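# Coordinates in review
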Amino acid sequence: MTKIRTRYAPSPTGRMHVGNLRSALYEFLIAKHDGGDFMLRIEDTDQERFVEGAVDIIYRTLEKTGLVHDEGPDKDGGYGPYVQSERMKTGIYMKYAKELIDKGEAYYCFCDKERLATLKTEVVEGKEISIYDKHCLSLSREEVEANLAAGKPFVIRQNIPNEGTTTFHDELYGDITVENAELDDMILIKSDGYPTYNFANVVDDHTMNITHVVRGNEYLSSSPKYQRLYDAFGWQSPVYIHLPLITDENHKKLSKRSGHSSFEDLLEQGFVTEAIVNYIALLGWSPEDNREIFTLDELIKEFDYHRISKSPAVFDIVKLRWMNGEYIKAMDFDTFYEMAEPYLKDVLKKNFDLKKIANMVKTRIEVFPDIADHVDFFEALPEYDPEMYTHKKMKTNAETSLAVLRDMIPILEAQEDYSNDGLYQTLVKYVEEKGVKNGYVMWPIRTALSGKQMTPAGATEIMEVLGKEESLTRIRKGIALLERTIG
Ligand code: GLU
């Protein structure tokens, strides 16, 4: 059996789109599931789209997500160079383009911009492209030689007959057959000497012994042309897996507008790398059971590309938030604290025990920025509605709350031990003496301390963090507010 070799072949054009990360992940999983090799190839032939720094983003993302490549520009595995602009300098693309010309499967084209502008156009995937009319195919060998000798700019085009059909196979879509008349004579080598992606992907996947190609289904319509190139060379094409579109909640292609279309966006929004990878694995793939939480190692074990679905995958940010929350709950405290600290410090400027507060919120947040809403009351007591003291289940109202808070002043002034346990014992004693339920006492105290319906911890834990002086100040404020209310 041949060893599985997959490749992630990004174009360095900016942030890592969720769809690209999914391709990388699936390529990685297919290789690793079978003990194969996962390779990184940088596709930088489109110099106009090249973005400074984008290559660094690619390396950083692969490293952070754990998609460790076995070969790539930084790790020679004997199939280099691994950057297309460097491969071009070896002359490999020109050599194969010329081979196609010799076989009659490609030809030089010298048409200038003015002539091309007069050609018929067609809209393909939203883009207007001109359909080349094979004008230069009729040039004689001598004419071509003369043009080349005169240094006339040229491109090399694929020669696709107007008759017949071409068939290729995709793992998800099965056999796809198209009329050759529908395929344009695409450019293989551009006038700047660079190959197009369309040509380079075929030459590279073959010469780098790639066995499985995973990519977005926007490449499906070009694949018959790639198949013709494989056939012309007498090469076997790799297994093709064209992945379904990833859409937003409105079933539109997931785009920058959604605000969460790239890996970097998600990190900035406080998502955890492992949760992002886990979620992306499920954008088009599902295991046999309904299991949803997977580590990368578990994915390697379970991943079977035959279970990839071809229906569009909806990127559901609500689901990702839920999953992220599960990862945060499962984190060890030190890791959690390291990630939570900047978010805590952003809101809490006073001298609080941040570790205690972090512990309170760990099981309550879905993403790190949620922290602010949970803890802001520590920093400053918000204005609140005295109605909050009235709670049906706790059997409290303004009057009962005022009585409890008044009782608390001397008790808490006398209290030496301001630990959660110490405070709790004192309050429970009060509860027992009064013969009431816990909530009857805790509810008004917690309200006075936080001004919030929901807090990440109970009254005594909050008091422990606030300390004696601040706790008493807040309780006095509560008393004043209730006195004003009752009048
Ligand atoms: N460079 C192409 C892209 O980033 C790669 C497509 C492929 O995997 O073949 O879209």
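What comes next is a walk through the structure. (Residues numbered from 1 in each chain as written. Predicted model: local features only at pLDDT ≥ 70, side-chain atom pairs only at ≥ 80, totals over all residues. Heavy atoms only, no water.)

### Here's the deal with the overall build of the protein chain
Scanning the protein chain from terminus to terminus reveals 20 helices and 13 strands. Counting only C-alpha atoms, the protein chain reaches 110 × 50 × 35 Å along its principal axes. Each of the 487 residues in the protein chain was classed as buried or not, and the buried ones make up 49%. Counted over contacts in the protein chain with a minimum sequence separation of 6, partners at least 24 positions apart contribute 74%. When the 60 positive and 82 negative side-chain charges of the protein chain are each reduced to one mean point, those points stand 3 Å apart. (Helix = DSSP H or I, 4+ residues; strand = E, 2+ residues; numbered from the N terminus. Buried < 20%, exposed > 50% of the residue type's maximum accessible area, 1.4 Å probe, protein only. Contact = heavy atoms within 4.5 Å. Lys, Arg positive; Asp, Glu negative; His and termini not counted. Charge placed at Lys NZ, Arg CZ, Asp CG, Glu CD.)

### Digging into the site of the ligand
Around the ligand, the surrounding shell consists of R7, A9, P10, S11, E43, Y197, R215 and Y219. A distance of 2.5 Å is found between an oxygen atom of the ligand and a side-chain nitrogen or oxygen belonging to Y197. For the ligand, an oxygen atom lies 2.6 Å from a polar atom in the side chain of Y219. Its free accessible area being 290 Å², the ligand has 87% of it covered by the protein chains. Looking at the shell around the ligand residue by residue, the class counts come to four nonpolar, one polar and three charged. (Near = heavy atom within 4 Å. Polar contact = N/O pair within 3.5 Å; in protein donor to acceptor, adjacent residues only side chain to side chain. Areas by Shrake-Rupley, 256 points an atom, 1.4 Å probe, with all protein chains shown as cover. Nonpolar A, V, L, I, M, F, W, Y, C, P; charged D, E, K, R; others polar.)

### Things to note about the sheet that holds strand β3 (residues 106-109)
In spatial order, the strands read β3-β6-β9; together these three strands make up an open sheet with antiparallel pairing. Edge positions in the sheet fall to β3 and β9 (187-189), since each of these pairs with one other strand and no more. When the angles between neighbouring strand axes are averaged without regard to direction, this sheet yields 40°. (Pairing = 2+ DSSP bridges. Axes fitted to C-alpha atoms, helices over the stretch in contact; angles between N-to-C directions.)

### Notes on the nonpolar core
Formed by 103 residues in total, the largest nonpolar core has its most connected members in F315, L344, F378 and I445. It is helix α1 (residues 18-33) that contributes the most residues to this core, nine residues altogether. Judged by nonpolar contacts, the second largest core, of 32 residues, contains A106, F168, I189 and I210. (Core = buried A, V, L, I, M, F, W, Y, C linked by side-chain atoms within 4.5 Å.)

### Details of the packing of helix α10 (residues 273-281) against helix α12 (residues 317-330)
Taken N-terminus to C-terminus, the directions of α10 and α12 make an angle of 135°; their axes are 9 Å apart at the nearest point. Taken together, the axes of α10 and α12 lie oblique to each other. Both α10 and α12 take part in a crossing whose hand is right-handed. Here E274, A275, I276, N278 and Y279 of α10 come into contact with α12, specifically with K319, L320, M323, N324 and Y327. The residue makeup of the contact of α10 with α12, split by class, is six nonpolar, two polar and two charged. (Parallel < 35°, antiparallel > 145°, perpendicular 65-115°, else oblique. Left-handed = near helix turned anticlockwise from the far one by under 90°.)

### Some points on unusual backbone geometry
Residue P81 follows G80 across a cis peptide bond; omega there is -10°. Its place among the elements puts P81 in the loop between α2 (54-65) and α3 (84-89). Of note in this structure, N209 is not a glycine but carries a positive phi near 60°. Along the chain, the position of N209 falls in the loop between α7 (197-207) and β10 (212-216).

### Some remarks on the packing of α1 against α10
A pair of packed helices is captured by two measures, namely the crossing angle of their axes and the spacing between those axes. With their axes 10 Å apart at the nearest point, α1 and α10 run at an angle of 80° to one another. One way to sum up the angle between α1 and α10 is to call them roughly perpendicular. On the side of α1, the interface is formed by V18, L21, R22, L25 and Y26, while α10 contributes V277, I280 and A281. Residues belonging to the contact of α1 with α10 are distributed by class as follows: seven nonpolar, no polar and one charged.

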